[in-house]
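So the chains spell out like this:
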Amino acid sequence: MTTGNYGESRTLRFGEFEFETDTRRLLKAGELVSLQQQPAWVLQLLAERAGEAVTREELRQRVWGDERFVDHQQGLNYCIKEIRRALEDSATHPKFLETIPRRGYRFVAPVDIVHKASPLSREHPARRPWGLVGWLGLILTLAALVIAAGWLVPRSPPEAEEKPMRVGILPFADDSLDSEERMLVNALAQELTSELGRRFGRAVGVIARTSSWKFERSAEPLPAIARALEADLLIVGRAAREKKALRLHVDLVRSDDGTSRWSNSYAVRPREADLLGLARRLTDDVATELGLVSSVPDPPPYELSLQAQSDYIRGLTFAKTSDPAKVLEARERLGSLVEAHPEFAPGYVAWASTGATAPPLTFWQVEEALSTAIDLDPNLDEAHHALAFLRFWRLYDGPTAEQSYREALRINPRLASARQGLGLLLSSMGRHEEAIGELKQALHYDPLSAPVATHLGWVYLFAGSTVTAIEMARHGVALDPTGIWGRISLIEFVAEAGDAELFLREASTFSGQPVTDAQAFWARYLEHPLVGGTAKAAAPLVRLDRDREAIAALLGGCRESEGWPLPFVKVDPRFERLRAMPEFDQVLECMGLDRDS
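Described in the following lines is the structure provided in the data block. Every chain is numbered independently, its residues counted from 1 as its sequence is written. Given that this is a predicted model, residues contribute local features only at a pLDDT of at least 70 and side-chain atom pairs are listed and counted only at 80 or more, while totals for whole chains, interfaces and linings are drawn from all residues. As a convention, hydrogens and water are excluded, and side-chain values are obtained from all of the structure's heavy atoms.

To continue, consider the overall build of the chain. By definition, any uninterrupted DSSP run of H or I lasting at least four residues is a helix, any uninterrupted run of E lasting at least two residues is a strand, and each is numbered from the N terminus. A tally of regular secondary structure across the chain gives 25 helices and 13 strands. Considering the chain as a whole, with its 597 residues, one finds that 55% of them fall into the buried category. Only heavy atoms matter for contacts: two residues are in contact if any of them lie within 4.5 Å across the pair. In the chain, the proportion of contacts linking residues at least 24 apart, taken out of those at least 6 apart, comes to 61%. Categorising residues by exposure relies on relative accessible area from a 1.4 Å probe, with only protein chains included: less than 20% of the type maximum marks a residue as buried, more than 50% marks it as exposed, and the intermediate range marks it as partly exposed.

Written out as structure tokens, the structure is:
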């Protein structure tokens, strides 16, 4: 990879901007502008050759060299998109960066070059709230080096490995506890799930919480629960009051007969609990019984006050609710936590999870928080996964998202949510066979997840296997009969199959009333508050032969950085007709994609 001449310190000035070649920092009126490392390399090359046409191949060679595991075309598209965002530039009326169709790009603004005496003499502007713009570039560079060295997860499917023992961790709370006690013991179960997967994920398969927690308050026999989860062992906890404390009794239960293989008890004081220390002790006890050896270094030691741990517990709990007021309280508590304990990496991940609630966090705030967590603890699988999710679904940056997904899976190969995300990303790139393998693995470790089953159906649809897509959608509906996502996906798949009679039957079931006209159904569907006015309206608009409105919906969704279905515009068969229209190029350009990539 070519990185330029570090021995020369210069500043490139254009318009209100300055670009420092030694640090690759972009400044506007002295203020730091967020720009990742790879887009910064591209900007430097273009600005240094202002007025010249620079081909895409030259840019590719400059940034990636001979690296094999990067989609160079999508990566370059993303770089150009990020440069335009940072410079507040327009592709149609460029002040700085002009596209030369089918060739490359030209930097059209005048550039003044100022040579500096020493790169160490500059004054640093104030850092942004999460203070990690520079560190983010370093992390991305290291990730690229890791990929080039072949240190990430092999592309061979996990089925080729020796299958690990599968463990399901059930929620610990029961109806005898008050709300404070229930929050505490369930937070302990959550921490155990995270710790066991992160530290011992190469040796044991921890069933995803989305499946195992379906059995909260379940009266089913434990062997039946184990069969439903396809688990070899269950971890079951029950709490009982003991004076001013709770006595938590934890059993490691065999799947075949429901008998206990190992048990222990732990004292928990609701307002005096060292939750993280207790979770570590419980994880170590289970690992010792199972003979597990950690596959990653231990995280940095955390010395949190009891108040900080209380904020963390409540933050984790409230962030997962649908109550905006509670989510905002979680953000406030978690923000106070990381201000008081800036070394606590999981706090940044939890804080970032509150980003979608109004007032929303910016994508750059979320990205910096997650990058801070990774800088503090590079083996925090949930941070890598959350960063990959942001980059894929909101920033449309497939290449770096893939790196982050694979890094999460290097740490915890059985992290079902990361397998699911990686599978969808690969499918968006047209790598459907790999994608199906990843989603099958996700379903293996999250067997009762309707979203995973339904997403697998979508990947089969993108791969051209409509019949199998319908089968997976039916499986998703069976797992969650009341969920709208599985049912509307089933209707979409049936519509693609062209079976008019079956479509009307499924649409009637979905609507709760007889549907006799497909066009009328899609017109009513457009009125749904979660569909109308978003990119989700594009597919029903196509079915109503309103193609230009469909392109406008996709373009509007891209400008708002919406998620579904935008990452799949190049592979989704519902948009095949749109892809033949010249206006579709506007959608691709907005997303940083190229027709030929």
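Structure shown, so let's carry the discussion forward.
Our next topic: the nonpolar core. Within the largest apolar cluster, 73 residues are counted, with the highest numbers of intra-cluster contacts made by Leu554, Val569 and Leu578. The element that contributes the greatest number of residues to this core is helix 17 (residues 450-462), accounting for eight residues. For Val569, the contacting residues outside a window of four places in its chain are Leu554, Phe575, Arg579, Phe584, Leu588, Met591 and Leu593. We call a set of buried residues a nonpolar core when its members are Ala, Val, Leu, Ile, Met, Phe, Trp, Tyr or Cys and they connect through side-chain atoms within 4.5 Å of each other. Counting 39 residues, the second largest nonpolar core, distinct from the first, contains Phe172, Ala189, Val250 and Phe318.

A separate point is the pattern of salt bridges. The working definition used for a salt bridge is a side-chain nitrogen of Lys or Arg within 4 Å of a carboxyl oxygen of Asp or Glu. Following the criterion strictly, the structure yields 35 salt bridges and no others. Residues Arg543 and Glu492 are paired through a salt bridge, measuring 2.9 Å at the closest nitrogen-oxygen approach. Highlighted residues: Arg543 in helix 22 (residues 538-543) and Glu492 in helix 19 (residues 484-497), separated in sequence by 51 residues. With relative accessibility at 18%, the residue Arg543 sits in the buried group. A single salt-bridge network, built from bridges that share partners, covers Glu195, Arg198, Arg199, Arg280 and Asp284.

The term disulfide is used for any two cysteine sulfur atoms that are within 2.5 Å. Overall, the coordinates contain one disulfide when judged by the stated rule. Sulfur-sulfur distance for the disulfide between Cys558 and Cys590 comes to 2.1 Å. Residues Cys558 and Cys590 share a disulfide whose torsion about the S-S bond is about -105°; that sign makes it left-handed. Here Cys590 lies in helix 25 (residues 584-591) and Cys558 lies in helix 23 (residues 547-559), a separation of 32 residues in the sequence.

The next thing to look at is the packing of helix 13 (residues 381-393) against helix 15 (residues 416-428). Helix packing for two helices is described by the angle between their axes and how far apart those axes are. Helix 15 packs onto helix 13 with a crossing angle of 25° between their chain directions and a minimal axis gap of 10 Å. It follows that helix 13 is roughly parallel to helix 15 by the angle criterion. The interaxial crossing formed by helix 13 with helix 15 has left-handed handedness. Packed against helix 13, whose contacting residues are His385, Phe392 and Trp393, the element helix 15 presents Ser417, Ala418, Leu424, Leu425 and Ser428 at the interface. Among the residues forming the contact of helix 13 with helix 15, the class breakdown is five nonpolar, three polar and no charged. Where helices are involved, their axes are fitted lines through C-alpha atoms of the stretch in contact, as for all axes, and angles between N-to-C directions lie from 0 to 180°. Angle categories: roughly parallel below 35 degrees, roughly antiparallel above 145, roughly perpendicular from 65 to 115, and oblique for all the rest. In a left-handed crossing the near helix is turned counterclockwise from the far helix by less than a right angle, and in a right-handed crossing that turn is clockwise. As a working rule, the residues Ala, Val, Leu, Ile, Met, Phe, Trp, Tyr, Cys and Pro are called nonpolar, Asp, Glu, Lys and Arg charged, and the rest polar, with Gly in that last group.

Our focus in this paragraph is helix 13. Expected span, for any helix, means 1.5 Å times one less than how many residues it has. Given a rise of 1.5 Å per residue, 13 residues ought to cover 18 Å, and the 18 Å separating the end C-alpha atoms of helix 13 matches this to within 8%. Burial runs high along helix 13: 10 of the 13 residues are buried. The set of residues buried in helix 13 consists of Asp381, Ala383, His384, His385, Leu387, Ala388, Leu390, Arg391, Phe392 and Trp393.

Here we come to the pairing of strand 9 (residues 165-169). The buried fraction of strand 9 is high, at four of five residues. Here, a strand pair is defined by DSSP locating no fewer than two bridges between the strands. When strand 9 meets strand 10 (residues 204-206), the two strands line up parallel, connected through three bridges. Bridge pairing in strand 10 places Val167 opposite Val206. Pairing analysis gives three bridges linking strand 9 to strand 11 (residues 233-242), with the strands arranged parallel.

Between Ala358 and Pro359 the backbone carries a cis peptide bond, its omega angle lying at -5°. Tracing the backbone through its elements, the reader meets Pro359 in the loop between helix 11 (345-352) and helix 12 (363-376). A cis amide bond links Trp564 with the next residue in sequence, Pro565, at an omega value of 0°. Relative to the elements of secondary structure, Pro565 occurs in the loop between helix 23 and helix 24 (576-579). Backbone geometry at Tyr396 places phi at a positive 55°, although glycine is not the residue there.

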